[in-house]
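Okay, here's what each chain looks like letter by letter:
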Amino acid sequence: DARVTQTPRHKVTEMGQEVTMRCQPILGHNTVFWYRQTMMQGLELLAYFRNRAPLDDSGMPKDRFSAEMPDATLATLKIQPSEPRDSAVYFCASGLASQGGPLMNTEAFFGQGTRLTVV
Amino acid sequence: LAKTTQPISMDSYEGQEVNITCSHNNIATNDYITWYQQFPSQGPRFIIQGYKTKVTNEVASLFIPADRKSSTLSLPRVSLSDTAVYYCLVGDERSNDYKLSFGAGTTVTVRA
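Residues numbered from 1 in each chain as written. Chains lettered and ligands numbered in written order. Predicted model: local features only at pLDDT ≥ 70, side-chain atom pairs only at ≥ 80, totals over all residues. Heavy atoms only, no water.

1. Some details on the interface of chain B and chain A
Part 1 of the argument: Taken together, the contact pairs 21 residues of chain B with 20 residues of chain A.
Part 2 of the argument: Counting the surface lost from both chain B and chain A, the interface buries some 1700 Å², and carbon and sulfur atoms represent 56% of this.
Part 3 of the argument: Applying the counting criterion to the chain B and chain A interface returns zero salt bridges.
Part 4 of the argument: Looking at the side of chain B that touches chain A, the elements that each hand over two or more residues are strand S3 (33-38), strand S4 (45-50) and strand S8 (84-89) of chain B.
Part 5 of the argument: For the side of chain B that touches chain A, the element with the highest residue contribution is S3 of chain B, accounting for three residues.
Part 6 of the argument: Along the lines of polarity and charge, the residues of the side of chain B that touches chain A split into 10 nonpolar, nine polar and two charged. (Contact = heavy atoms within 4.5 Å. Buried area = accessible area lost by both parts, 1.4 Å probe. Salt bridge = Lys/Arg side-chain N within 4 Å of Asp/Glu carboxyl O. Helix = DSSP H or I, 4+ residues; strand = E, 2+ residues; numbered from the N terminus. Nonpolar A, V, L, I, M, F, W, Y, C, P; charged D, E, K, R; others polar.)

2. So, the sheet that holds S4 of chain B
Residues and elements named next belong to chain B.
Part 1 of the argument: Spatial strand order, S1-S9-S8-S3-S4: five strands in an open sheet with mixed pairing. Sheet topology places strand S1 (9-13) and S4 at the edges, where each strand pairs with a single neighbour. The mean inter-strand angle of the sheet, taken between neighbouring strand axes irrespective of direction, is 25 degrees.
Part 2 of the argument: Bridge count for S3 against S4 is five bridges, and the pairing is antiparallel. The partner of Tyr 36 across the bridge, within S4, is Phe 46. (Pairing = 2+ DSSP bridges. Axes fitted to C-alpha atoms, helices over the stretch in contact; angles between N-to-C directions.)

So, in structure tokens, the structure goes:
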């Protein structure tokens, strides 16, 4: 049963520390999304990749957040330094979009999320 | 302008049919309408996708009128386990934004 795997599931860290969240997309998927969810803001799209290349990261605070795909089986989201306002659930999702087609026509499979608490 | 508009919340009882209507006046010609479901403490899950007319699967039905400016997700005979947030997603050609962006969604609460 193919699924998106995120690690860690829970993370508590102190303000100022670096946090790295990892995601293993479903094998063969060419599109990866990172989301952040809070009660106040709902699901926010932070960044997404197609064939490992970043297509858009306009939703991500550039000064402290970075997203990469070192290879096709791993996507990372890093926060440095972390702040209490970064506390949220971070979701990774992957999908298979047709080449050149709009991303909206792809079904995305979500991981279980990483619950981050910054104190 | 918002891409989609859906009710914030809906209440229902077990065994009833729940219909959630989503408005998307700026839907692009080649875009599909997609609905996701999210349970507490889980990531969203794809429910159904359609382009026009009617689509049905084992979970729900999706009704799309000819002008495609709205769509209705229909959940037949809901149970307590259908309590979740339901999101309607479409593309927006005017903003050239084809991201998988979620709005506030509709919180459906099913009571016994």
